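Examining the three-dimensional arrangement
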Amino acid sequence: MLTFEVPSRPLRSGRYCHGQMARALSRSKRDRTFYASVDSLRQVSAYAESERAWAVERAQAQGRYEKLPQMRLITKVTTGRTSIVHWVDRDGVQGRHDLNLLDWRERQWLFVEGPQGPEPAWLWLTEQGLPMLPDRWNTVFRQANQRCEQALLTPQERETPRLLRVAEIRGKVPYATPHSMRHSMALYMLILLNELMDKKYGLNAADRRDFAQLYGDPWWLVKTLLGHKDVETTKEHYLRPVMHLQLESILAFDTEDGHGEETDEAKDLNGLFARLARETSGIQDIEVLVDALPVAEAS
């Protein structure tokens, strides 16, 4: 993502903004619309004004950008049916390209004129002020996983390589990857959309079928958010941990106590997800694992 692609215009509710992912960047090679909360975009803005700005300043002071094999300074971005990026390279040669068709390899050479000189148009930068290339995110997650192990496992437990650890030890520490973030989003949206649909429209089983035929059901909506062509891909590969459960059962976890009263856990989606993690293999509840931190530190 480039700095000027970060969404900034809130939707009608004021809580979310929507942006467009370039076709060349998506796995399906199709345009993608994504949604980001206003709070998360504030964090992105804070990053741009602090860590990112410091990294750019250091790189400029060390002359790191002048040593790059290419630099294309963006002169303007025109909008219309398609957005066109115009630039000029170091030799003064002008060029342009459809923004939607620029892949990550081409984007890493795009620069904009900053307060102290040219700086990368790429949003997420390394500590060296250079674009954080896609495969580098695997390293970020791996290092985060290692920090979790350092905090949550004893020295004896850490001696055994992760793949050789017994399930009990593996279950003590979260293990995240970039791809697992998509799985988490898919599971969260599936349950949230079902609950919102039932609460907003008060649908019974027959009404739900009619509504799904007209507008699509939550499975279809999650499929669209993930960019899948076929909803079966969403069900089979992304939501396999809950495929053995009827959705009504997921949403009905401890909804009533013995006296017919709704339990506190059912009133809170966090409680629902915690129960789902306890009952279903393949789902981690990070909060439960982190709560064990003082015990691990004491040992």
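Up top is the structure these notes are about.
This text gives an overview of the structure that appears in the document. (Residues numbered from 1 in each chain as written. Predicted model: local features only at pLDDT ≥ 70, side-chain atom pairs only at ≥ 80, totals over all residues. Heavy atoms only, no water.)

**Observations regarding a nonpolar patch on the surface**
Where nonpolar side chains cluster on the molecular surface, the patch consists of Leu11, Tyr16 and Tyr35 and spans about 290 Å² of accessible area. Note on placement: tyrosine 16 falls in strand 1 (residues 16-21). Look at tyrosine 16 and you get partly exposed, because its relative accessible area is 37%. (Patch = residues over 30% accessible without salt bridge, like charges linked within 9 Å, V, L, I, M, F, W, Y side chains within 5 Å. Areas by Shrake-Rupley, 256 points an atom, 1.4 Å probe, with all protein chains shown as cover. Salt bridge = Lys/Arg side-chain N within 4 Å of Asp/Glu carboxyl O. Helix = DSSP H or I, 4+ residues; strand = E, 2+ residues; numbered from the N terminus. Buried < 20%, exposed > 50% of the residue type's maximum accessible area, 1.4 Å probe, protein only.)

**Focus on the pattern of salt bridges**
Evaluation of the coordinates by the stated rule reveals six salt bridges. As a salt-bridge pair, arginine 107 and glutamate 5 come within 2.7 Å of each other at their nearest N and O atoms. On the criterion of sequence distance, the pair formed by arginine 107 in helix 3 (residues 104-107) and glutamate 5 in the segment before strand 1 is long-range, its members being 102 residues apart. The burial state of arginine 107 is the same as that of glutamate 5; both residues are buried. Aspartate 39 serves as the salt-bridge partner of arginine 42, at 2.5 Å between the closest nitrogen and oxygen. Taken together, the positions of arginine 42 and aspartate 39, both in helix 1 (residues 38-49) and three residues apart, correspond to about one turn of that helix.

**A closer look at the nonpolar core**
Ranked by internal contacts, the top residues of the largest apolar core, which has 18 residues, are Leu187, Ile191, Val222, Leu239 and Leu269. The element that contributes the greatest number of residues to this core is helix 7 (residues 178-201), accounting for seven residues. In this structure, Tyr47, Met71, Trp109 and Phe111 belong to the second largest nonpolar core, which totals eleven residues. (Core = buried A, V, L, I, M, F, W, Y, C linked by side-chain atoms within 4.5 Å.)

**Considerations on helix 1**
Helical geometry: 3.6 residues make up each α-helical turn, so side chains three or four residues apart lie on a common side. Over its twelve residues, helix 1 runs 17 Å from end to end, which matches the ideal 16 Å to within 8%, given 1.5 Å per residue. Within the span of helix 1, buried status applies to Val38, Leu41, Val44 and Tyr47. With its buried residues spanning 170° around the axis, helix 1 presents them on a single face. Turned more than 90 degrees from where helix 1 packs its buried face, Arg42, Gln43 and Glu49 sit exposed. (Expected span 1.5 Å × (residues − 1). Arc of directions from axis to C-beta.)

**Section: the environment of histidine 86**
Turning to its location among the elements, histidine 86 is positioned in strand 4 (residues 84-89). Sequence separation of histidine 86 and lysine 76 is ten residues, and the distance between their C-alpha atoms is 5.3 Å.

**Describing the packing of aromatic side chains**
Counted by the stated rule, this structure contains three aromatic pairs. Where tyrosine 65 meets phenylalanine 111, the ring centres are 5.3 Å apart and the plane angle is 75°; that geometry is what we call edge-to-face. With a gap of 46 residues between them, tyrosine 65 in the loop between helix 2 (51-61) and strand 3 (72-78) and phenylalanine 111 in strand 6 (residues 110-114) connect regions that are remote in the sequence. Neither tyrosine 65 nor phenylalanine 111 differs from the other in exposure class; each is buried. Where tryptophan 124 meets tryptophan 137, the ring centres are 6.2 Å apart and the plane angle is 85°; that geometry is what we call edge-to-face. In this pair, tryptophan 124 is assigned in the loop between strand 7 (117-120) and helix 4 (136-152) and tryptophan 137 in helix 4, connecting sequence segments 13 residues apart. By relative accessible area, which is 30% here, tryptophan 124 ends up partly exposed. Tryptophan 137 gets classed as partly exposed once you look at its relative accessible area, which sits at 30%. Taken together, the ring pairs connect Tyr47, Trp124 and Trp137 into an aromatic cluster. Sitting above the plane of the tyrosine 175 ring, arginine 162 keeps its charged end 3.6 Å from the centroid. (Phe/Tyr/Trp six-rings, centres within 6.5 Å; stacked < 30°, edge-to-face > 60°. Lys NZ or Arg CZ within 6 Å of the ring centre and 35° of its normal.)

Shape descriptors only; they carry no functional weight alone.
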